[in-house]
Amino acid sequence: MHEVIIKRKVWISASHWLHSTFLSDEENTATYGKCNNPNGHGHNYCVTVGLKGPVDEKTGMVLNLTYVAKILDEKIAGNFDHKHLDLDTSYFEERPSTSENIAIVIWQILKRTPLANFLYSIELEETPNNSVLYLGD
């Protein structure tokens, strides 16, 4: 039996405010710079979900990517696309909406779906120069 990692991308456009409740206003400004603007700023994020599993002998697939796309559209795009991550969701009430934390939240959301046993990685590209890779907990 061969194990393969498949990947599926989903894009989300979202705004956020980099601000930590654990830091003073001065520390937030020093830490996050222009990204600490209380009005927020936005990104066109690319989320790449890596799924690892055995190739089914009958279908030749780990998972049907159409099925994967439906889950990602519902659970990821549905929760984050065209939202202010800090104001329109509850995920970042107690943690800053950094790319690292967004990737962790996406993992946590997908752990509650039928993809849970296949989850391998979450890559979140914030800009062409900045991305994070989360390999789970």
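Residues numbered from 1 in each chain as written. Predicted model: local features only at pLDDT ≥ 70, side-chain atom pairs only at ≥ 80, totals over all residues. Heavy atoms only, no water.

Worth spelling out the cut-off: UniProt positions are given in the numbering used here, feature names are shortened, and annotations may be inferred rather than shown by experiment.
The protein chain appears in an unreviewed UniProt entry as 6-carboxy-5,6,7,8-tetrahydropterin synthase from Shewanella surugensis. Recorded in UniProt for the protein chain, the comment headed Cofactor (unreviewed entry) runs: "Zn(2+)". Quoted verbatim from the Catalytic activity (unreviewed entry) heading of the UniProt record, the comment on the protein chain is "7,8-dihydroneopterin 3'-triphosphate + H2O = 6-carboxy-5,6,7,8-tetrahydropterin + triphosphate + acetaldehyde + 2 H(+)".

Some remarks on the side chain of His 84
This is how the line gets drawn: We count a stretch as a helix when DSSP gives it H or I for four or more residues in a row; a strand needs E for two or more, and each element gets its number in order from the N terminus. Contact between two residues is taken to exist if any of their heavy atoms lie within 4.5 Å; hydrogens are not considered.
Tracing the chain through its elements places His 84 in strand S3 (residues 83-84). Apart from the residues within four sequence positions on either side, His 84 is in contact with Ser 15, His 16, Trp 17, Asn 39, Gly 40 and Thr 89.

Some points on the nonpolar core
For clarity, the cut-off: Throughout this description, the term nonpolar core refers to a set of buried Ala, Val, Leu, Ile, Met, Phe, Trp, Tyr and Cys residues connected via side-chain atoms within 4.5 Å. Each residue gets one of three labels from its accessible area relative to the maximum for its type: buried under 20%, exposed over 50%, partly exposed in between, using a 1.4 Å probe on protein chains only.
Residues Ile 76, Phe 80, Ile 106, Leu 110 and Ile 122 are the most contacted members of the largest nonpolar core, which totals 31 residues. Elements supplying a minimum of two residues to this core: strand S1 (3-16), strand S2 (41-54), helix H2 (65-80), helix H3 (99-110), strand S4 (119-125) and strand S5 (131-134). No other element matches the 7 residues that H3 contributes to this core. In this structure, Phe 80 is in contact with Ile 12, Ser 13, Ala 14, Leu 85, Thr 89, Tyr 91, Phe 92, Val 105, Ile 106 and Ile 109, ignoring residues within four places of it in sequence.

As for the state of the cysteines
Stated formally: In plain terms, two cysteine sulfur atoms within 2.5 Å form what is called a disulfide here.
Scanning the entire structure with this criterion turns up 0 disulfides. The thiol sulfur of Cys 35 is not disulfide-bonded, and the nearest other cysteine sulfur, from Cys 46, lies at 19 Å. With relative accessibility at 10%, the residue Cys 46 sits in the buried group.

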